[in-house]
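Chain by chain, the residues run as shown.
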Amino acid sequence: MYQSNLFSFHRRFSQIASSINTNTSIELFPNTKEVLISKLASVLQSCSTPNPGPQVIQQGQQLHAQIIINGINHVGLLGSRLLGMYILCGKYNDAKTIFHQLDLFYASPWNWMIRGFTMMGCFDYAILVYFKMLGHETCPDKYTFPYVIKACGRLGAIRLAKSIHQTIQMMGFETDVYVGSALIKLYAENGCINDARDLFDKLPQRDDVLWNVILNGYLKHGDPKHVFLLFNQMRSSNVRPGSVTYACVLSACASDANIKLGTQLHGLLTKCGFVSDPQVLNTLIGVYTKCQRLFDARELFDGIQEAGSVTWNVIIGGYVQNGLMNEAFNLFCEMISIGMKPDTVTLASFLPCITESTAINHGKEIHCYIFRHNVHLDVFLKNTLIDMYFKCREVEMAQNVFTYTPGIDIVICTAMISGYVLNGMNSDALEMFRWLINHKMKPNPVTFSSTLPACAGLAALKSGKELHGQIVKNGVERCHVGTAVIDMYAKCGRIDLAHEVFVRVSEKDPVCWNSMITSFCHNGEPEKAIDLFREMGSKYDSVTISAVLSACANIPLLSYGKAVHGFMTRGVLKTDLYAESALIDMYAKCGNLETARIVFDIMEKKSEVSWNSIISAYGNHGRLQECVSLFCQMEESGFLPDHVTFLAVISACDHSGLVDDGFRYFKSMTEDYGITPGKEHYACIIDMYGRAGRLHEAFETIKGMPFDPDAGVWGSLLGACRVHGDVELAEMASRHLFEMDPGNSGYYVLLANVQADAGKWEGVNKTRSMMKDRGVEKVPGYSWIEVNNETYVFGAADKGNPRSDEIYMLLKNFVLVIKDEGYVTTLQKHHNMIEFY
């Protein structure tokens with residue numbers, strides 16, 4: 001075809017050149033001039049094809065030279081054809097020269113320049129030419145707008161595109177098939193799916209390309225239901241779906257896990273003869289793997305005579321996504337054995353699922369294969385390698401990948417920051433952020449979102465504020481970045497700043513709402529968490545419900561917790577495992593253990609979380625026998641106890657005073673189940689020894705811990721010293737506590753009371769002076785109780801309640817009763833009651 005066109009061009013060019021070179025002057029025959037210009041324009045049209053060969057370009061330049069020699073002006077059609085030829089041949093400097101020689105009061109030269117800049121990727125210049133065209137008072141035509149719209153789309157200038165759309169409407173070009181198609185493509189690819197659909201419905205003619213654009217727009221928008229509806233409308237129209245259409249609809253089936261429609265489409269594809277199309281076949285295999293129908297996927301794959309690399313990637317990725325690593329690895333080996341070379345996608349398919357140290361050998365084998373076969377380490381593969389090593393706690397290997405591979409960009413740096421945060425190396429994460437800034441890299445929203453947790457982990461409020469300033473400066477304080485800022489301020493103790501940021505976020509998704517609600521809960525403001533849930537509307541999910549129930553448990557507010565329970569029962573969350581587990585915890589903490597057990601018993605499915613919730617509920621109520629019984633039932637049901645389960649059982653032994661039983665479960669956790677105890681387990685053991693008066697064993701446990709004790713551990717020991725009157729050990733524990741948390745008044749009060757019980761008034765005065773010098777004030781403690789759906793708050797010696805006389809009379813009678821039963825208080829002497837008001 002190309003040779004035929006070239007021969008035709010040669011013949012026509014020779015004829016025209018001969019007529020120009022005759023001795024007869026063309027000035028004597030105006031009609032001859034017009035005929036020649038028309039013929040020249042026709043020949044130039046033959047040159048005006050995208051990516052022409054060098055011979056065609058040379059012939060076009062020769063023809064241009066003849067035009068100049070014979071004094072033919074670059075006017076009208078001939079000038080536009082010359083300009084178009086140079087644009088399509090990629091000769092932009094020549095095109096610029098021609099452009100400035102033309103009459104610019106009609107649209108065609110401007111259209112060619114806009115098209116040229118768009119083809120070059122200079123989209124901002126394409127839009128600039130459009131506005132210069134308007135400034136030159138040249139009226140655009142329908143050929144102007146498709147490339148202007150394309151330039152807007154590539155720049156993400158959606159507001160500008162909508163403004164140009166208004167101009168298109170006024171000029172009556174909106175329903176033109178090319179202009180309308182360009183607008184629909186722009187809207188569909190940039191999340192404005194409703195605008196795309198409105199325009200799509202207006203167009204009188206819609207070909208298969210346009211149908212595919214709108215279908216892919218809905219797919220990208222995450223709306224498979226509209227993909228299915230439009231596909232049915234397309235089949236009802238006179239447009240026949242092609243392979244691109246079927247691939248799109250199958251992708252929607254995969255994202256929606258709609259195996260029923262997927263199998264129906266499989267039958268339709270077989271009937272229409274599209275099942276052998278590689279794109280359709282690959283997508284169909286993807287549907288089966290996403291819907292966990294690996295047998296069907298493998299049957300399709302095995303029926304292919306010569307599978308390409310994309311097909312291998314799809315089937316291998318399917319096995320990996322379903323957790324069948326051995327099968328995937330066997331396929332990978334088979335792929336290599338038949339001579340098919342894995343590409344970066346194949347190699348990267350394994351790495352995201354290797355998240356345990358036990359599977360790291362597979363990842364290292366793939367890494368070695370990359371080096372042995374000189375596989376190109378693109379950004380995606382490097383990023384995946386770094387992520388894998390960090391998730392497997394191989395920090396040094398992740399650093400080696402970063403250090404010894406070229407082409408470091410912002411994506412790789414972001415992966416390093418996320419990996420450092422995952423491994424608790426928050427200082428290194430901040431250093432990496434500083435490094436990328438020093439190397440003139442521009443952080444993206446994901447970079448900011450990954451760095452903010454490092455500030456939160458270090459409680460580095462100053463660094464967090466500086467980072468927030470850069471976020472505001474870069475204009476990225478949007479949804480997920482705003483959520484990370486909220487979380488950072490809340491974890492740094494500035495819930496007020498967190499709420500200010502929350503109010504400013506314009507488009508709040510459920511994650512943003514959940515972050516703020518959870519922040520209020522964790523910062524001791526559960527009432528505000530509940531109020532915020534009331535404002536939230538219908539965006540809630542299981543995390544929201546769990547957070548609100550946690551707030552109800554912390555108040556405790558049983559009536560509102562019941563209301564949330566009813567809300568769950570009426571909605572889709574009535575069978576959500578996490579929400580139901582939070583419900584058990586709420587009822588237990590509000591004192592309604594019976595209802596908590598009912599919720600647990602009627603759960604259709606149970607998980608480790610739900611078992612832990614009910615075991616903890618009985619343990620916190622001192623019901624050790626039921627707690628241990630549930631522990632055994634959990635194992636019989638096929639669920640292995642984890643560190644949370646053992647903490648609940650050990651805590652129950654602690655509250656029941658069964659020290660030896662508690663220590664036996666502690667040993668069983670490490671020796672029988674291989675669970676490494678955390679600080680909370682040691683704190684529970686220390687508290688258990690302390691309650692039993694075995695302070696020496698408690699102190700020895702602290703010294704034998706594999707990590708530095710925190711304030712919770714030393715606080716447990718100090719509390720035990722208060723109960724059993726060990727002044728020396730109390731003073732030693734308090735020294736550690738004053739270093740860790742010098743502003744906590746509770747530790748000073750505990751130490752002073754221990755000293756007062758022992759009659760060491762000099763020590764009491766010293767402790768009081770220390771509080772005064774450090775500006776520490778005792779914050780009065782408050783309790784609350786709900787009676788008839790009304791919450792009553794009260795503190796020590798509180799007379800605010802109108803029925804306080806009756807309350808205190810009842811309390812005195814209660815104390816007398818428990819004394820008769822043999823209970824002896826530790827505060828028998830009034831002079832030992834130290835007040836710090």
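Counting starts from 1 at the beginning of each chain's written sequence and moves along it residue by residue. For a predicted model such as this one, the threshold for reporting local features is a pLDDT of at least 70, and the threshold for listing and counting side-chain atom pairs is 80 or more; totals across whole chains, interfaces and linings nevertheless cover every residue. Here the side-chain values reflect all heavy atoms present in the structure, with hydrogen atoms and water set aside.

Caption draft 1: Just the overall build of the chain, in detail. Summing up its helical and strand segments, the chain has 46 helices and two strands in all. For every residue, the accessible area obtained with a 1.4 Å probe (protein chains only) is divided by the maximum for its type, and the residue is called buried under 20%, exposed over 50%, and partly exposed between those limits. Across the 837 residues in the chain, those meeting the buried criterion constitute 45%. In the chain, the proportion of contacts linking residues at least 24 apart, taken out of those at least 6 apart, comes to 59%. Residue-level accessible areas treat just the shown protein chains as cover; the underlying method is Shrake-Rupley with a 1.4 Å probe. Carbon and sulfur atoms provide 53% of the accessible area of the chain, an area that totals close to 43500 Å². Per the convention used, a helix needs a DSSP run of H or I reaching at least four residues, while a strand needs a run of E reaching at least two, with both numbered from the N terminus. We call two residues in contact whenever any of their non-hydrogen atoms come within 4.5 Å of each other.

Caption draft 2: Inspection of the nonpolar core at higher detail. Judged by nonpolar contacts, the single largest core of 238 residues is most densely connected at Leu 83, Ile 184, Ile 316, Phe 350, Ile 386, Met 586 and Leu 717. Beyond its immediate sequence surroundings of up to four residues, Phe 350 is in contact with Ile 316, Val 320, Met 325, Ala 328, Phe 329, Phe 332 and Ile 366. By nonpolar core we mean a set of buried residues, namely Ala, Val, Leu, Ile, Met, Phe, Trp, Tyr and Cys, connected to one another through side-chain atoms within 4.5 Å.

Caption draft 3: Summary view of helix H26 (residues 445-458). The span expected for a helix works out to 1.5 Å for each residue beyond the first. Relative to the 20 Å expected for 14 residues at 1.5 Å per residue, H26 spans 21 Å between its end C-alpha atoms, a close match to the ideal helical length. Restricting attention to buried positions, one finds in H26 the residues Thr 447, Phe 448, Ser 449, Ser 450, Thr 451, Leu 452, Ala 454, Cys 455 and Ala 456. Distance and chemistry together define a polar contact, namely a pair of N or O atoms within 3.5 Å, with one atom able to donate a hydrogen and the other to accept it when in protein, and with adjacent residues in sequence counting only for side-chain atoms on both sides. Measuring from the side-chain oxygen of the N-cap residue of H26 to the backbone nitrogen of Val 446 gives 3.0 Å; that N-cap residue is Asn 444.

Caption draft 4: The arrangement of the packing of helix H34 (residues 577-589) against helix H35 (residues 593-601) in detail. Contact geometry of H34 with H35 gives a least axis separation of 7 Å together with a crossing angle of 165°. Put simply, H34 runs roughly antiparallel to H35. Here the hand of the crossing between H34 and H35 comes out left-handed. Across from Glu 580, Leu 583, Ile 584, Tyr 587 and Ala 588 in H34, the residues of H35 making contact are Leu 593, Thr 595, Ala 596, Val 599 and Phe 600. Helix axes are fitted only over the stretch in contact, all axes being lines through C-alpha atoms; the angle between N-to-C directions runs from 0 to 180 degrees. Convention used here: angles under 35 degrees read as roughly parallel, angles over 145 as roughly antiparallel, angles from 65 to 115 as roughly perpendicular, and any remaining angle as oblique. Left-handed is the label given to a crossing in which the near helix is rotated counterclockwise from the far helix by less than a right angle, and right-handed is the label when the rotation is clockwise.

Caption draft 5: Looking closely at the environment of Asn 554. Mapped onto the fold, Asn 554 is located in helix H32 (residues 542-554). Considering only alpha carbons, one finds Asn 554 and Cys 590, 36 residues apart in sequence, at a separation of 8.4 Å.

Caption draft 6: Representation of unusual backbone geometry in the model. Phi is positive for Glu 137, which is not a glycine, with a value near 60°. Overall, Glu 137 belongs to the exposed group, its relative accessible area being 72%. A positive phi angle, near 50°, is found at Ala 257, a position not held by glycine. With respect to the helices, strands and loops of the structure, Ala 257 is situated in the loop between helix H14 (243-255) and helix H15 (259-272). Ala 257 sits in the partly exposed class, given a relative accessible area of 47%.

Caption draft 7: Examining a nonpolar patch on the surface more closely. Side chains of Ile 785, Tyr 792 and Phe 794 sit close together on the surface and give an oily, nonpolar patch of about 260 Å² of accessible area. Position of Ile 785 among the secondary structure elements: in strand E1 (residues 782-787). What makes a patch is a set of residues exposed beyond 30% relative accessible area and free of salt bridges, joined within 9 Å when like-charged and within 5 Å when nonpolar (Val, Leu, Ile, Met, Phe, Trp, Tyr). Salt bridges are defined as contacts in which a side-chain nitrogen from Lys or Arg sits within 4 Å of a carboxyl oxygen from Asp or Glu.

Caption draft 8: Examining the pattern of salt bridges more closely. Applying the stated rule across the entire model yields 25 salt bridges. With a shortest N-O distance of 3.4 Å, Asp 585 and Lys 589 are connected by a salt bridge. With Asp 585 and Lys 589 both in helix H34 and four residues apart, this pair spans about one turn of that helix. Ionic pairing is found between Lys 703 and Glu 700, a salt bridge with its closest N-O pair at 3.1 Å. Pair noted here: Lys 703 and Glu 700 are both in helix H41 (residues 695-703), with a separation of three residues, about one helical turn. Look at the salt bridges and you will find they share partners, linking Arg 197, Asp 201 and Arg 206 into a network.

Caption draft 9: Representation of the packing of helix H42 (residues 711-724) against helix H43 (residues 727-740) in the model. One way to put it is that H42 packs onto H43 with a least axis distance of 9 Å and a crossing angle of 150°. Classed by the angle they form, the pair H42 and H43 counts as roughly antiparallel. The hand of the H42/H43 crossing is left-handed. Counted together, Ala 711, Trp 714, Gly 715, Leu 717, Leu 718 and Cys 721 of H42 and Leu 729, Ala 730, Met 732, Ala 733, His 736, Leu 737 and Met 740 of H43 form the full contact between these two elements. The classification used treats Ala, Val, Leu, Ile, Met, Phe, Trp, Tyr, Cys and Pro as nonpolar, Asp, Glu, Lys and Arg as charged, and all other residues, Gly among them, as polar. Of the residues in the contact of H42 with H43, the class split is 11 nonpolar, two polar and no charged.

Caption draft 10: Representation of the state of the cysteines. The criterion for a disulfide is a pair of cysteine sulfur atoms lying within 2.5 Å. For the structure shown, the criterion picks out zero disulfides. Sulfur of Cys 492: no disulfide; nearest cysteine sulfur belongs to Cys 455 and is 7.2 Å away.

Caption draft 11: Region of the structure containing the environment of Glu 527. Within the element layout of this structure, Glu 527 appears in helix H31 (residues 526-536). Separated by 24 residues in sequence, Glu 527 and Ala 551 have C-alpha atoms that sit 7.2 Å apart.

Caption draft 12: Quick peek at the packing of aromatic side chains. Note on ring pairs: Phe, Tyr and Trp rings are taken, using the six-membered ring of Trp, and paired if centres are within 6.5 Å. Classes follow the plane angle, with under 30 degrees stacked, over 60 edge-to-face and the rest tilted. Applying the stated criterion across every chain yields a total of 24 aromatic pairs. Taken together, a centroid distance of 5.3 Å and an interplanar angle of 65° make the contact between Tyr 130 and Phe 131 edge-to-face. Each residue in the set Phe 663, Phe 666, Tyr 682, Tyr 689 and Phe 707 is aromatic and connected to the rest through ring pairs, giving one cluster. Cation over ring: Arg 206 sits above Phe 200, and NZ or CZ is 4.6 Å from the ring centre. Counted as over-ring charges are cases with an Arg CZ or a Lys NZ within 6 Å of the ring centre that also lie within 35 degrees of the ring normal. Here Lys 508 stacks its cationic end above the ring of Phe 502, 5.0 Å away from the centre of that ring.

Caption draft 13: Inspection of helix H19 (residues 325-337) at higher detail. Between its first and last C-alpha, H19 extends 18 Å over 13 residues, near the 18 Å set by a 1.5 Å rise per residue. Of the residues making up H19, those classed as buried are Met 325, Ala 328, Phe 329, Leu 331, Phe 332 and Met 335. Angular distribution of buried residues about the axis of H19 spans 160°; they occupy a single face of the element. Exposed residues pointing more than 90 degrees away from the buried face of H19 are listed as Asn 326, Asn 330 and Ser 337. In this fold, the buried residues of H19 make contact with helix H17 (294-302), helix H18 (309-321), helix H20 (344-350) and helix H21 (360-372). Phi for Gly 339, located one or two positions after H19, is positive at around 90°. Relevant arc is that of directions from the helix axis to the C-beta atoms, nothing else.

Caption draft 14: The arrangement of the confidence of the model for the chain in detail. In predicted models, pLDDT denotes the confidence assigned by the predictor to each residue on a 0 to 100 scale. Chain-level pLDDT for the chain is 82 on average; 86% of the residues reach the 70-or-more range. Within the chain, helix H25 (residues 426-438) carries the highest mean pLDDT (93), whereas helix H1 (residues 2-20) carries the lowest (45). Scored below 50 in pLDDT, residues 1-30 shows 30 contacts in the model against residues more than four places distant or in partner chains. Low pLDDT, under 50, characterises residues 827-837; the predicted model gives this stretch 25 contacts beyond four residues in sequence or across chains.

Caption draft 15: Looking closely at the environment of Leu 183. Here Leu 183 is to be found in helix H10 (residues 177-189). Sequence-wise, Leu 183 and Cys 152 are 31 residues apart; in three dimensions their C-alpha atoms are separated by 10.0 Å. Residues in contact with Leu 183, not counting those within four places in the same chain, are Ile 149, His 165, Ile 168 and Leu 199.

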